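# Structural features, examined
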Amino acid sequence: MEPTGVDVAALDHPFREGLLAGRVAIVTGGGTGLGKAIASLYARLGARVVLASRSMDHLLPAAEEIRAAGGVASVVSVDVRKVEDVDRMIAHTLETFGKMDILVNNAAANFLVQAENLSPRGWNALVDIVLNGSYYASRAFGRALIERKQPGQILNIVSTYPWTGCPGAVHHASAKAGVMALTMTLAVEWARYGIRVNAIAPGPFETPGPMEKFNFTVGDEVYERVRQDVPLKRFGQPRELAWLAAYLVSDYAAFINGETVVIDGGTWLSKGYFPYFTPGVL
């Protein structure tokens, strides 16, 4: 139970059934973690989903889970760094479902390294996935919708690093800042076509991938230090981000465009001069 008295794990989604019925959603990085949570909820709400990632080992089990729950899912192996792969993803979606309405740019990568030790190859590899990949996918998706005179939604998954910085992640922070700029620019350019573009900036979420990558597990010292840095004293749950992702692409968010919505329990707001003071010290 979190400090607010809410048992998030016990909550179902807050939306009416069929909220996204008739929609087709592409989710890059949709086989694991936050991408899988988003795709699964979209399917529960009636969307047909395309899971895109480099690894079929991730995609196939995720798609099978969605189908077992009564949803409709297709998979396509894609490296978002390659324009030809992205074009194939769009073609696959149109051939499979005849249309597309939503693109979630969630594919990402990260590794910790001091800036002075980050090689040009490492920099380029990460920027290629996070920034270039988001642009390639958005461009292909947007061109197809504009040609068909069809509205749609793009949702980019970014981070709070562009505001706070993150020692050891200069490449990741810089790439995510670029995606935030991409979000705002496309929101203005493509609004006339009925294409809304927004972003979500998650803070610390309890997903296996990042925990394993940065070598900490539930309950260990690093885990507890990170958790204590969150004003709400807990990690986010993937379903909480999925709820926000569903709202932002729904008709109920029809006047939200070009926004980056932070979901981090207040973490980025606590990065002032005295982040560790206790009540009564000041």
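Residues numbered from 1 in each chain as written. Predicted model: local features only at pLDDT ≥ 70, side-chain atom pairs only at ≥ 80, totals over all residues. Heavy atoms only, no water.

Attention shifts here to the overall build of the protein chain. Helix and strand content of the protein chain: nine helices and seven strands. Rg of the C-alpha trace for the protein chain: 19 Å, near the compact-globule value of 19 Å for 282 residues, within the 12% margin. With respect to the three principal axes, the spread of C-alpha positions in the protein chain is 60 × 45 × 40 Å. Counting all 282 residues of the protein chain, 48% fall into the buried class. Nonlocal contacts in the protein chain, meaning residues at least 24 apart in sequence, comprise 74% of its contacts between residues at least 6 apart. Looking at the protein chain as shown, the accessible area adds up to about 13,800 Å², and 56% of this sits on carbon and sulfur atoms. The averaged location of the 27 negative side-chain charges in the protein chain is 5 Å from the averaged location of its 26 positive side-chain charges. (Helix = DSSP H or I, 4+ residues; strand = E, 2+ residues; numbered from the N terminus. Rg over C-alpha atoms; globule rule 2.2 N^0.38 Å. Buried < 20%, exposed > 50% of the residue type's maximum accessible area, 1.4 Å probe, protein only. Contact = heavy atoms within 4.5 Å. Areas by Shrake-Rupley, 256 points an atom, 1.4 Å probe, with all protein chains shown as cover. Lys, Arg positive; Asp, Glu negative; His and termini not counted. Charge placed at Lys NZ, Arg CZ, Asp CG, Glu CD.)

Our next topic: the pattern of salt bridges. Counted according to the given criterion, the structure contains nine salt bridges. A salt bridge links Asp12 to Arg44; the nearest nitrogen and oxygen atoms lie 3.0 Å apart. Pair noted here: Asp12 is in the segment before strand 1 (24-28) and Arg44 is in helix 1 (residues 33-44), with a separation of 32 residues, a long-range link. Overall, the relative accessible area of 46% leaves Asp12 in the partly exposed class. Judged by relative accessible area, which is 42%, Arg44 ranks as partly exposed. (Salt bridge = Lys/Arg side-chain N within 4 Å of Asp/Glu carboxyl O.)

Positive phi values are uncommon outside glycine, yet Lys149 reaches one of about 55°. By secondary structure assignment, the location of Lys149 is in the loop between helix 4 (120-148) and strand 5 (152-157). Positive phi is not limited to glycine here, since Lys233 has a value of about 60°. Inspection of the secondary structure puts Lys233 in the loop between helix 8 (221-228) and helix 9 (238-249). A relative accessible area of 34% means that Lys233 is categorised as partly exposed.

Further remarks concern the confidence of the model for the protein chain. For the protein chain, the average pLDDT comes to 91, and 90% of its residues sit at 70 or higher. Confidence over residues 273-282 falls short of pLDDT 50; this stretch has four contacts with residues more than four positions distant or in other chains. (pLDDT = per-residue confidence, 0-100.)

Attention now moves to the environment of Phe235. Residue position: Phe235 is located in the loop between helix 8 and helix 9. By relative accessible area, which is 4% here, Phe235 ends up buried. In this structure, the C-alpha to C-alpha distance between Phe235 and Tyr223, residues twelve residues apart in sequence, is 9.5 Å.

Pairing is parallel in the open sheet, where seven strands are placed in the order 3-2-1-4-5-6-7. Two strands close off the open sheet at either side, each with one partner strand: strand 3 (72-77) and strand 7 (260-263). For this sheet the average axis-to-axis angle between neighbouring strands, irrespective of direction, equals 20°. Where strand 6 (residues 195-202) and strand 7 come together, four bridges link them in parallel fashion. (Pairing = 2+ DSSP bridges. Axes fitted to C-alpha atoms, helices over the stretch in contact; angles between N-to-C directions.)

Let us now look at the packing of helix 4 against helix 6 (residues 170-190). Where helix 4 meets helix 6, the closest approach of the two axes is 8 Å, and the angle between their N-to-C directions is 15°. By the angle between their directions, the pair helix 4 and helix 6 is classed as roughly parallel. Classified by chirality, the crossing of helix 6 by helix 4 is right-handed. Seen from helix 4, the contacting residues are Gly122, Trp123, Leu126, Val127, Val130, Leu131, Ser134, Tyr135, Ser138, Arg139, Gly142 and Ile146; seen from helix 6, they are Val170, His171, His172, Ser174, Ala175, Lys176, Gly178, Val179, Leu182, Leu186 and Trp190. Tallied by class, the residues present in the contact of helix 4 with helix 6 amount to 13 nonpolar, eight polar and two charged. (Parallel < 35°, antiparallel > 145°, perpendicular 65-115°, else oblique. Left-handed = near helix turned anticlockwise from the far one by under 90°. Nonpolar A, V, L, I, M, F, W, Y, C, P; charged D, E, K, R; others polar.)

Moving on to the nonpolar core. The nonpolar side chains of soluble globular proteins are, as a tendency, buried together. Counting residues in each nonpolar core, the largest one holds 38 residues, and the members touching the most others are Ile38, Tyr42, Val49, Leu51, Val104, Leu155 and Ile200. With eight residues, helix 9 is the largest single contributor of residues to this core. Apart from the residues within four sequence positions on either side, Tyr42 is in contact with Leu20, Ala25, Ala47, Val49, Ile102, Val104, Leu155, Ala245, Ala246 and Val249. Counting residues in hydrophobic clusters, the runner-up holds 28 residues, among them Val76, Leu145, Leu182 and Leu186. (Core = buried A, V, L, I, M, F, W, Y, C linked by side-chain atoms within 4.5 Å.)

Turning to the packing of helix 1 against helix 9, a few remarks are in order. Relative placement of two packed helices is described by the angle separating their axes and the distance separating the axes. Viewed as axis vectors pointing N to C, helix 1 and helix 9 meet at an angle of 55°, and their least axial separation amounts to 8 Å. Here helix 1 lies oblique to helix 9, going by the angle between them. Helix 1 and helix 9 meet at a crossing whose hand is right-handed. Together, Leu34, Ala37, Ile38, Leu41 and Tyr42 of helix 1 and Pro238, Leu241, Ala242, Trp243, Ala245, Ala246 and Val249 of helix 9 make up the contact between the two elements. Per-class residue counts for the contact of helix 1 with helix 9 are twelve nonpolar, no polar and no charged.

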